[in-house]
Number of protein chains: 2
Amino acid sequence: MTASEHTEIREFVLQRLQHGVASELRDLIHRLHPADLAQVLESIPPEQRRMIWFEVAESDMGEILAKVSDGVRENLISHMESNTLVRAIQTLDIDDIAELVPDLSSQIIADVMVAVDEDRREGLGAVLSYEEETAGRLMNVDTVIVRETISVGVVMRYLRLRGELPQQTDKFYVVDREGVLRGSVLLRNLVTSDLNQRISAIMDENPQTFLPSDSEEDVAASFERYDLTSAPVIDENGRLIGRITIDDVVDVIQDSASRTLLAPAGLDDEEDIFAPVFQTARKRAIWLGVNLVTAVLASWVIGQFEEAIEKLVALAVLMPIIASMGGNAGTQTLTNVIRGLGVGTISIANAKDVLKKELLVGGLNGLVWALVVAFVSILWYDNYGLAAIVAIAMLVNICVSSISGVVLPVLLDRIGIDPSLAAGVALTTITDVVGFLAILGFAALVLV
Amino acid sequence: MTASEHTEIREFVLQRLQHGVASELRDLIHRLHPADLAQVLESIPPEQRRMIWFEVAESDMGEILAKVSDGVRENLISHMESNTLVRAIQTLDIDDIAELVPDLSSQIIADVMVAVDEDRREGLGAVLSYEEETAGRLMNVDTVIVRETISVGVVMRYLRLRGELPQQTDKFYVVDREGVLRGSVLLRNLVTSDLNQRISAIMDENPQTFLPSDSEEDVAASFERYDLTSAPVIDENGRLIGRITIDDVVDVIQDSASRTLLAPAGLDDEEDIFAPVFQTARKRAIWLGVNLVTAVLASWVIGQFEEAIEKLVALAVLMPIIASMGGNAGTQTLTNVIRGLGVGTISIANAKDVLKKELLVGGLNGLVWALVVAFVSILWYDNYGLAAIVAIAMLVNICVSSISGVVLPVLLDRIGIDPSLAAGVALTTITDVVGFLAILGFAALVLV
């Protein structure tokens, strides 16, 4: 379903809901794929959402809960009886259940543990024993295991006896008697191999493996880099404990992209876009408060030069240009570096080379725009001294902002703080303060 | 390989290169996976990059060229003889060749077309006939086809005769005599089915399909939503013409995430981080120029109130706070809306609901921060009239910025302009102009 089809469905749903849930709408709800329903629910206000949710088939509820954002999930769960909720959840894959767990009450978690069958209970317990955002939490325990000494033909017969394979099964894992991973066999290699061949002859003896403690970001980067579709998770003794599949990795990639986009504005990627106004306002207020402190700091700098401004009010007119251009140049560098840190092309090892290049770029652009604003000031105020000060302040601020744009995120990354979260605010504070200080300070020294 | 291992390799490479390429380094280069080499090349300066590139095995070059960003690829190609380049490229999958084509000279393209074997030449021609960033360009033509009337056992025998299956093969496609797609059969279902069963009994008759003209963003959204690992591409008559695999979709998702992150700062996600300084500076200058125009516009607004500022210089001190808080509140709304438009939870259909909510959030936060800055101004200047004006200006600017944060991106999206590209600049222009106008205008009317 394309984006515009989704828009159509949304429009249709919102329109029809004005007259309550009629049969036409009910039919649509039952016909839609759970993933599409998840998106519809995500994108309509809470009242309408509740009306739709009551019409959703219980068998679709688990998958929908697994697909929606944390905020919407919380909202949907608040409308559910606990036994319905348990029934909806228990049908899911255990990696999906594990993902829901942080949003569930301990009572519901206990009920789900009782409701799932014994095999899955053990697997669920294992997955839940790892921290969030790790490979262990991302994995599923539904691995299909074969021995290396048996023949392809035997495996084929076993598969026909076994019946259905788990979702996203593209390879089998070869383990020894102790459960230690010896290799993996691609299903597509198995079916083209001679029936008499031994598994050991067609297995990949060096599959990319993960430890349960590996971060999900590292897992995602490896999947991307090596074009993996699934990969085994092993414990520190090399024993196979689960596998990670590409569908979950795609979610990690998408979540991480959302976070990088939203974090600089102090936003949470798991928030319901229709969360209660008061709740959203409170969450956003924190970030606005931090920004107010930095804005007041910049204003305080201006306040130190009231006398200069009184004598030459043109300074007040021109100073925002200096601050803003510094902020923009610095943001360009910063964004580039944050992205480089994210995709792994920038690290402390080559930060010096990056700094050198960015400073040269900043210096060059600083010169160009210093001349342009000097020209503008002359046109505007016909004051060559003022023009010279504006130009110098511009050059200084763009150079400082280029340096900060590299140093800030690399340092934050080094000390373990997500640079996309804090570097932007820090950078604009620096460019505002340095920008105001440069133009007003030079003017106070020389001009007035 | 984890991020920190990559950093180590990079450090090692950069250090060793200071003494030229010695055997130790040569060994490392030959041992690394092409994808890891691609990342090393991406993250070192051009001179060192050239030294490494000359040591890379010719058989790895194609895959590396397919993995690096456009900018780095251009740089690497510039060091290659054309016959080496043709040999490196001709080994790639045709969807990968298609991706390189925009960066190749027409002579090289012609040579590659001659060098690939006849089957692939036809497929490559077909793929290249579609526009960039479409499903047609993303697809590969290496589909494995079966007939619905034959039995599972026959297919299994055919597969063993055929030998090796294409990379990422997880399903076969069922077509009729005219080549029209009838369904698909998962490999994992095939191997667990009874040998006497007919393909028609185990095939999925309604697989998610794509048209070659579908945008790659729509394809990626569907893969994510329905957890697909591969999907058929059909022409308007329903004939199977290729398939799209998850590895290429992951690249689309990653590219689109990079674009959303970089576009607001006027940056290009395919640029070499070590591109020549002059080239980078020129590219960035355009965006800085646009920003200068908007900054000058805001300054011009301030310039209209020089008299008021001269009389009450506190206005010059406090006005950046109003502009900055409006900009921040607006950016929060804007970022949320751009993300919602991207993931599909916001569209013109529910924009009114989103606007209502964002305006309420903005109003609430506007009130809170209006009171806070009023308090700050009283502490600072002990001027109740000024405090009242600052508070009103703050409330007005935050409300206007909340409205703009919804309306701007939705409108831009509606008229087909990527909102992440232009909405940010437009928003800060509005919040600067409105912020300055509000505080200085009210002051001019009432206070001075």
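Residues numbered from 1 in each chain as written. Chains lettered and ligands numbered in written order. Predicted model: local features only at pLDDT ≥ 70, side-chain atom pairs only at ≥ 80, totals over all residues.

## Observations regarding the overall build of chain A
So, point 1. Helix and strand counts for chain A stand at 22 helices and 5 strands.
So, point 2. Against the compact-globule benchmark of 22 Å for 448 residues, chain A has a radius of gyration of 29 Å, which places it well outside the compact range.
So, point 3. Along the three orthogonal principal directions, the C-alpha set of chain A runs to about 90 × 60 × 40 Å.
So, point 4. Every one of the 448 residues in chain A was classed for burial, and the buried ones make up 51%.
So, point 5. Counting contacts in chain A only where the partners sit at least 6 residues apart, residues at least 24 apart contribute 71% of the total. (Helix = DSSP H or I, 4+ residues; strand = E, 2+ residues; numbered from the N terminus. Rg over C-alpha atoms; globule rule 2.2 N^0.38 Å. Buried ≥ 20, exposed ≤ 12 C-beta atoms within 10 Å, placed from the backbone. Contact = placed C-beta atoms within 7 Å.)

## Description of the interface of chain A and chain B
So, point 1. Listed as interface residues are 105 residues of chain A and, on the opposing side, 105 residues of chain B.
So, point 2. Take the side of chain A that touches chain B: its biggest share by element is 15 residues, from helix 19 (residues 314-343) of chain A.
So, point 3. When grouped by side-chain class, the residues that make up the side of chain A that touches chain B number 52 nonpolar, 32 polar and 21 charged. (Nonpolar A, V, L, I, M, F, W, Y, C, P; charged D, E, K, R; others polar.)

## Remarks on the confidence of the model for chain A
So, point 1. Summing up the model confidence of chain A, the mean pLDDT is 92 and the portion of residues at 70 or higher is 100%.
So, point 2. Both scores are available for the predicted complex, with the pTM at 0.90 and the ipTM at 0.89. (pLDDT = per-residue confidence, 0-100.)

## Section: helix 1 (residues 3-17) of chain B
Residue and element names in this part refer to chain B.
So, point 1. If you check helix 1, its first and last C-alpha atoms are 21 Å apart, about what 15 residues at 1.5 Å a residue would give, namely 21 Å.
So, point 2. Within helix 1, the full set of buried residues consists of His6, Arg10 and Val13. When helix 1 is viewed along its axis, its buried side chains cluster within an angular range of 65° and face the same direction. Facing away from the buried surface of helix 1 by more than 90 degrees, the exposed residues are Ser4, Glu5 and Gln15.
So, point 3. Contacts from the buried residues of helix 1 go to helix 2 (23-31), helix 3 (34-42) and helix 4 (46-53). (Expected span 1.5 Å × (residues − 1). Arc of directions from axis to C-beta.)

## What about the environment of Pro232(A)?
All names here are of chain A.
So, point 1. Here Pro232 is to be found in strand 4 (residues 230-234).
So, point 2. Residues Pro232 and Lys171, spaced 61 residues apart in sequence, show a C-alpha to C-alpha distance of 9.8 Å.
So, point 3. Once residues lying within four places of it in the same chain are set aside, the contact partners of Pro232 are Tyr173, Leu181, Ser184, Pro207, Thr209, Leu240 and Arg243.

## Brief notes about the packing of helix 17 (residues 277-303) of chain A against helix 20 (residues 351-381) of chain B
So, point 1. Contact geometry for helix 17 of chain A and helix 20 of chain B: axes closest at 9 Å, N-to-C directions at 40°. For the pair helix 17 of chain A and helix 20 of chain B, the sense of crossing is right-handed. Contacts between helix 17 of chain A and helix 20 of chain B pair Val277(A), Thr280(A), Ala281(A), Arg284(A), Ala285(A), Leu288(A), Leu292(A) and Val296(A) from the former with Lys357(B), Leu360(B), Val361(B), Leu364(B), Asn365(B), Val368(B), Trp369(B), Val372(B) and Val376(B) from the latter. (Axes fitted to C-alpha atoms, helices over the stretch in contact; angles between N-to-C directions. Left-handed = near helix turned anticlockwise from the far one by under 90°.)

## Side note on the relation of the copies chain A and chain B
So, point 1. Aligned on chain B, chain A shows an RMSD of 0.1 Å; the corresponding rotation is 180° and the shift along the axis is 0.0 Å. A rotation of that kind, with that shift, is consistent with a two-fold axis.
So, point 2. A share of 100% of interface residues in chain A that are also interface residues in chain B marks the association as one of identical surfaces. (Least-squares fit on C-alpha atoms with pLDDT ≥ 70 in both.)

## Quick notes on the sheet that holds strand 3 (residues 181-186) of chain A
So, point 1. A sheet is described by the order of its strands in space; here 3 strands give the open sequence 1-2-3 (chain A), paired in mixed fashion. In this open sheet, the two edge strands, each paired with only one partner strand, are strand 1 (145-146) and strand 3 of chain A. (Pairing = 2+ DSSP bridges.)

## Observations regarding the sheet that holds strand 3 (residues 181-186) of chain B
All names here are of chain B.
So, point 1. Reading across from one edge, 1-2-3 is the order of the 3 strands in this open sheet, with mixed pairing throughout. Unpaired on one side and paired on the other, strand 1 (145-146) and strand 3 mark the two borders of the sheet.
So, point 2. Relative to strand 3, strand 2 (residues 171-175) runs antiparallel, the two sharing 5 bridges. Each bridged residue has a counterpart across the sheet, and for Tyr173 the counterpart in strand 3 is Ser184.

## Comments concerning the pairing of strand 4 of chain A
All names here are of chain A.
So, point 1. Judged by how many residues are buried, strand 4 sits mostly within the fold: 5 of 5 residues are covered.
So, point 2. In strand 4, alternate side chains face the same way, and those of Ser230, Pro232 and Ile234 on one face and Ala231 and Val233 on the other are all buried.
So, point 3. Inspection of the sheet shows strand 4 paired to strand 5 (residues 240-245) by 5 bridges, in the antiparallel sense. Residue pairing in the sheet places Ser230 in a bridge with Thr245 of strand 5.
So, point 4. Between strand 4 and strand 5, which follow one another and run antiparallel, lie 5 residues, and Gly238 among them has a positive phi close to 85°.

## Section: the nonpolar core
So, point 1. Judged by nonpolar contacts, the single largest core of 140 residues is most densely connected at Leu41(A), Ile244(A), Leu41(B) and Ile244(B).
So, point 2. The residues contacting Ile244(A), other than those within four sequence positions of it, are Ala135(A), Leu138(A), Met139(A), Phe210(A), Val219(A), Ser230(A), Ala231(A), Val233(A) and Val249(A).
So, point 3. Among the nonpolar cores identified, the runner-up in size contains 127 residues, and Val313(A), Leu334(A), Val406(B) and Leu408(B) belong to it. (Core = buried A, V, L, I, M, F, W, Y, C linked by C-beta atoms within 7 Å.)

## So, the environment of Asn365(B)
So, point 1. Topologically, Asn365(B) is positioned in helix 20.
So, point 2. The class of Asn365(B) is buried, set by 26 C-beta atoms lying within 10 Å.
So, point 3. Ignoring anything within four residues of it in the chain, the contact list for Asn365(B) reads Ala281(A), Arg284(A), Ala285(A), Leu288(A), Ala329(B) and Ile398(B).

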